[in-house]
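# Summary of the model geometry
Chain by chain, the residues:
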Amino acid sequence: MTRTRLTAEERQEQLIEAAVRAFGENGYAGTTTDQVARLAGVSQPYVIRLFRTKQELFLAAVQHAGDRIEAKWREAAGREATLESLGGAYKELLEQPGLMNTLLHGFAASADPAVGEPVRTCFGRLYDVVRELTGADDEEARDFFAFGMLLTCLGSMRVIGPGAVPPPAWAVGMLGTFKNL
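In this report, the structure presented in the accompanying data block is examined. All values derive from a computational prediction rather than experimental measurement.

What counts as what
Residues numbered from 1 in each chain as written. Predicted model: local features only at pLDDT ≥ 70, side-chain atom pairs only at ≥ 80, totals over all residues. Heavy atoms only, no water. Helix = DSSP H or I, 4+ residues; strand = E, 2+ residues; numbered from the N terminus. Phe/Tyr/Trp six-rings, centres within 6.5 Å; stacked < 30°, edge-to-face > 60°. Buried < 20%, exposed > 50% of the residue type's maximum accessible area, 1.4 Å probe, protein only. 1 Å grid on protein atoms, 1.4 Å probe; cavity = no way out; pocket = protein on both sides within 12 Å on 5 of 7 lines; lining within 4 Å. Points joined across faces, edges and corners; volume = space filled by probe spheres on them. Nonpolar A, V, L, I, M, F, W, Y, C, P; charged D, E, K, R; others polar. Axes fitted to C-alpha atoms, helices over the stretch in contact; angles between N-to-C directions. Parallel < 35°, antiparallel > 145°, perpendicular 65-115°, else oblique. Left-handed = near helix turned anticlockwise from the far one by under 90°. Contact = heavy atoms within 4.5 Å. Salt bridge = Lys/Arg side-chain N within 4 Å of Asp/Glu carboxyl O.

### Some details on unusual backbone geometry
Backbone geometry at Arg52 places phi at a positive 65 degrees, although glycine is not the residue there. Within the element layout of this structure, Arg52 appears in the loop between α3 (44–51) and α4 (54–79).

### As for the packing of aromatic side chains
Counting across every chain of the model gives eleven aromatic pairs. On the basis of an interplanar angle of 50 degrees and a centroid distance of 4.7 Å, the ring pair of Tyr28 and Phe58 is categorised as tilted. Separated by 30 residues along the polypeptide, Tyr28 in the loop between α1 (8–26) and α2 (33–40) and Phe58 in helix α4 bring together distant segments of the chain. Relative to Phe145, the ring of Trp73 has its centre 5.9 Å away and its plane inclined at 90 degrees; by these criteria the two rings are edge-to-face. Here Phe145 lies in helix α8 (residues 138–156) and Trp73 lies in helix α4, a separation of 72 residues in the sequence. Note on accessibility: Trp73 and Phe145 belong to one class, buried. Taken together, Trp73, Tyr90, Phe107, Phe123, Tyr127, Phe144 and Phe145 form an aromatic cluster joined through their ring pairs.

### Regarding the environment of Pro166
As for its position among the elements, Pro166 is in the loop between α8 and α9 (169–176). C-alpha separation for the pair Pro166 and Ala65, spaced 101 residues apart in sequence, amounts to 28 Å.

### Things to note about empty space enclosed by the protein
Counting across every chain of the model gives one cavity of 30 Å³ or more. In this structure, the largest cavity spans a volume of roughly 50 Å³. As for the largest cavity, its lining consists of Leu94, Pro97, Met100, Thr152, Gly155, Ser156, Ile160, Gly161 and Pro162. Looking at the lining of the largest cavity, the elements with two or more residues in it are α6 (97–108) and α8. It is α8 that provides the largest number of residues to the lining of the largest cavity, a total of three residues. Residue composition of the lining of the largest cavity, by class: five nonpolar, four polar and no charged.

### Let's talk about the packing of α4 against helix α5 (residues 83–93)
Axis separation between α4 and α5 bottoms out at 8 Å; the angle between their running directions is 140 degrees. Classified by the angle their axes make, α4 and α5 are oblique. Regarding α4 and α5, the two cross each other, and that crossing is right-handed. Residues Arg68, Ile69, Lys72, Trp73, Ala76 and Ala77 of α4 form the contact with α5, whose own contacting residues are Ser85, Leu86, Ala89, Tyr90, Glu92 and Leu93.

### Considerations on the pattern of salt bridges
Counted under the stated rule, the structure contains 13 salt bridges. Asp34 is paired through a salt bridge with Arg38; the nearest N and O atoms lie 3.0 Å apart. Of the two residues, Asp34 and Arg38 both sit in helix α2, four residues apart, roughly one turn of that helix. The closest approach of N and O atoms between Arg74 and Glu132, which form a salt bridge, is 3.0 Å. Taken as a pair, Arg74 in helix α4 and Glu132 in helix α7 (residues 113–134) lie far apart in primary sequence, 58 residues in all. For Arg74, a relative accessible area of 34% translates into the label partly exposed. Taken together, the shared-partner salt bridges in this structure form one network comprising Asp67, Glu70, Arg74, Arg125 and Glu132.

So this is what it looks like as structure tokens:
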């Protein structure tokens, strides 16, 4: 059986996907470059050769998550440039908990200036994209992000989405207020 060698770009993408899964599951502090290497099927020194530090790998994973969200929103806006359309696309992304949890871990680690600046830049870019694609004003964009963050937190807690647990009593009423969830 012959194996097809991956290009350097494909290998880097494979590592970032593994990093999103690992950081999404275990957080920044709880993830090692060795865990990412094992998930990607490469050696730990190879991970360090490409990304130099765990922090750079983490930032690449956060950027990847932001890029995936932006691409999904642009695709949705191509069909219908409304907040509702972008919200539907975001709900699809919630089915990928590692992606959203990686962003949440990025937000949580933002007290570190080396992490905070790129994470804030990523978030700001997404905010600008929503306004650009939909024409939403600041208040509408704020409400869109507030609702999305609530859904992200509920997904991270497994109240909704893949692997959801039976909803706790406090969540039943709240979940009943959502349309199409």
